[in-house]
Amino acid sequence: MSINLLLLEDEVNVGSTVKDRLQMEGYQVFWAQSISEAKTILQNNAISFALLDVQLPDGSGFDLGRLIRQKHPEVAMVFLTAAGTTEDRIHGLELGAEDYIVKPFNFKELLLRIQNASKRLQFIQNSAPQVGEIKIGRATVHFKQYEIISGGQKYNLSHKECALLKLLYEKRGEVVSRDEILNVVWSEDEYPTPRTIDNFVLKLRKWIEPDPNEPTLIRSVRGVGYLIERELT
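One numbering rule holds for all chains: residues counted from 1, following each sequence as written. The model is predicted, so local features are restricted to residues of pLDDT at least 70 and side-chain atom pairs to those at 80 or more, both for listing and for counting; the totals for chains, interfaces and linings are taken over all residues. Think of the side-chain values as coming from all heavy atoms in the structure, minus any hydrogens and water.

Participant: When you look at the pattern of salt bridges in this model, what are you seeing that I'm missing?
Facilitator: By definition here, a salt bridge exists when the distance from a side-chain nitrogen of Lys or Arg to a carboxyl oxygen of Asp or Glu is within 4 Å. Counting across every chain of the model gives ten salt bridges. Of the charged contacts, one joins E161 and K203 as a salt bridge, the two residues approaching to 2.9 Å between their closest N and O atoms. Within this pair, whereas E161 is found in helix α6 (residues 159-170), its partner K203 is found in helix α8 (residues 194-208), the two being separated by 42 residues in sequence. Via salt bridges that share partners, E9, E11, D53 and K103 belong to a single interconnected network. We count a stretch as a helix when DSSP gives it H or I for four or more residues in a row; a strand needs E for two or more, and each element gets its number in order from the N terminus.

Right, here's the structure in full:
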């Protein structure tokens, strides 16, 4: 899959080095040194992946990430920052980012994380259900648009949310183990935990279940994993 990558980084040495090395790996890199420049790139180019510094002269990379999630949900995001607090990492992931990397970072690690996120993106795009939409409970899901409509409201799905829901849907009627979910939706270097999966399922239930407190569609199988019932409506 061809990757057009937006790099938002105002530090010239870091930006030029990362751009050159990613281009050597075959990526088409669009380097922006400000949020306003990054917005112009997004408007004029088909971007698949975004590496976003958080602290920029004209604002926060988190704000751009929020805009990308709203207007370009197909774009995978990774945040780059010198601030490695737990709160910042959680905030980035809540915005739908694939990952959060603290500076200084090893380029091989960065490349691996981009490759892993790209594989998940390809998994969603290439194997989404052939139908234009599916209905699960009170929600309608559009996989290719990364969106879910529930209660008359439209919500954007992150890549991980989309991949998890798609995996459960494809195997509806079967129990999907936590190990399989972690292997498909996350990568080994992200160090996810079973609790991470539980949090994602809780979010999906809010949109899908008639009563999220008494789930009947996305069921937990104690000690094993989750399953979506075959009868979805």
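Participant: Explain the nonpolar core here, please?
Facilitator: Proteins that are soluble and globular tend to have nonpolar side chains buried together. Judged by nonpolar contacts, the single largest core of 29 residues is most densely connected at I181 and I208. Listing elements by their share of this core, those giving two or more residues are β8 (134-136), β9 (139-142), α6, α7 (178-185), α8 and β14 (225-228). For this core, the element with the highest residue contribution is α6, accounting for seven residues. What makes two residues a contact is simply this: any of their non-hydrogen atoms within 4.5 Å. For I181, the contacting residues outside a window of four places in its chain are L164, L167, L168, V176, W186, I197 and Y226. Take the buried residues of types Ala, Val, Leu, Ile, Met, Phe, Trp, Tyr and Cys, join any two whose side-chain atoms come within 4.5 Å, and each joined set is a nonpolar core. When accessible area is computed with a 1.4 Å probe and restricted to protein chains, residues below 20% of their type maximum are described as buried, those above 50% as exposed, and intermediate ones as partly exposed.

Participant: Sorry, what's going on with the packing of aromatic side chains here?
Facilitator: Between 30 and 60 degrees the pair is tilted, below 30 it is stacked and above 60 it is edge-to-face, where a pair is any two Phe, Tyr or Trp rings, Trp via its six-membered ring, whose centres lie within 6.5 Å. In total, this model carries three aromatic pairs according to the counting rule given. Between F143 and Y169, the aromatic rings sit 6.4 Å apart at their centres with planes inclined by 50°, giving tilted as the arrangement. Of this pair, F143 sits in the loop between β9 and β10 (147-150) while Y169 sits in helix α6; the two residues are 26 residues apart in sequence, bridging distant segments of the chain. Taken as a pair, F143 and Y169 share a single burial class, namely buried. Only when the NZ atom of a Lys or the CZ atom of an Arg is both within 6 Å of the ring centre and within 35 degrees of the ring normal do we say a charge sits over the ring. Above the face of the Y169 ring, R172 is positioned so that its terminal group lies 4.2 Å from the ring centre.

Participant: Where do I start with the sheet that holds strand β11 (residues 153-156) in this structure?
Facilitator: Strands belonging to one sheet form pairs held by backbone hydrogen bonds; the direction of such a pair is parallel or antiparallel. When DSSP finds two or more bridges between a pair of strands, those strands are recorded as paired. An order of β8-β9-β10-β11 is seen for the four strands of this open sheet, with the pairing classed as antiparallel. Every other strand in the sheet has two partners, leaving β8 and β11 as the edge strands with one partner each. Averaged over all neighbouring strand pairs, the angle between strand axes comes to 25°, with direction disregarded. The axes are straight lines fitted to the C-alpha atoms, using for helices just the contacting stretch, and the angles between their N-to-C directions are given from 0 to 180°.

Participant: For this particular structure, what's the right way to read the pairing of strand β3 (residues 49-53)?
Facilitator: Across the five residues of β3, five count as buried, placing the element largely inside the fold. Judged from the four bridges that link them, strand β1 (residues 4-8) and β3 form a sheet pairing that is parallel. By the bridge assignment, L6 is partnered in β3 with A50. Pairing between β3 and strand β6 (residues 76-81): five bridges, direction parallel. Within β6, the residue paired with L51 across the bridge is V78.

Participant: What am I meant to see in helix α1 (residues 12-24) here?
Facilitator: An α-helical segment advances 3.6 residues per turn. Residues three or four places apart therefore align on the same side. Expected span, for any helix, means 1.5 Å times one less than how many residues it has. In this model α1 runs 18 Å from its N-terminal to its C-terminal C-alpha over 13 residues, within 8% of the 18 Å that 1.5 Å per residue would give. Within α1 the residues assigned to the buried category are G15, V18 and L22. On an axial view of α1, the arc spanned by its buried residues comes to 75°, and they lie on one face. Opposite the buried face of α1, at more than 90 degrees from it, the exposed residues are N13 and M24. Trailing α1 by a residue or two, G26 shows a phi angle of about 100°, which is positive. The arc in question is formed by the directions pointing from the helix axis toward the C-beta atoms.

Participant: Please explain the packing of helix α2 (residues 35-44) against helix α3 (residues 61-71) as it appears in this structure.
Facilitator: The angle between the axes and the distance between the axes are what describe a pair of packed helices. Interhelical geometry of α2 versus α3 gives an angle of 20° and a closest axis separation of 11 Å. Taken together, α2 and α3 sit at an angle that is classed as roughly parallel. Every pair of crossing elements has a handedness; the one defined by α2 and α3 is right-handed. Along its contact with α2, which presents I35, A38, K39 and L42, the element α3 presents G61, L64, L67 and I68. Here is the rule for angles: anything less than 35 degrees is roughly parallel, anything more than 145 is roughly antiparallel, 65 through 115 is roughly perpendicular, and the remaining ranges are oblique. A clockwise turn of the near helix away from the far one marks a right-handed crossing, whereas an anticlockwise turn of less than a right angle marks a left-handed crossing.

Participant: Just to check I follow, could you spell out the side chain of R69 for this structure?
Facilitator: Counting through the fold element by element, R69 comes out in helix α3. A polar contact of 3.4 Å, which involves the side chain of R69, links it to the backbone oxygen of V75. Here a polar contact means two N or O atoms within 3.5 Å. Within protein one must be a hydrogen donor candidate and the other an acceptor candidate, and residues neighboring in sequence count only if both atoms are side-chain atoms.

Participant: What is the right way to look at the sheet that holds β1 in this model?
Facilitator: Judged by pairing direction, the sheet is parallel, and its five strands sit side by side in the order β2-β1-β3-β6-β7 without closing on themselves. Of all the strands in the sheet, just β2 (28-32) and β7 (99-102) have a single pairing partner and so form its edges. On average, each strand axis in the sheet is tilted by 20° relative to the strand beside it, whichever way the strands run. Contacts between α2 and the sheet are confined to β1 and β2, with β2 contributing the most and set at about 145° to the helix.

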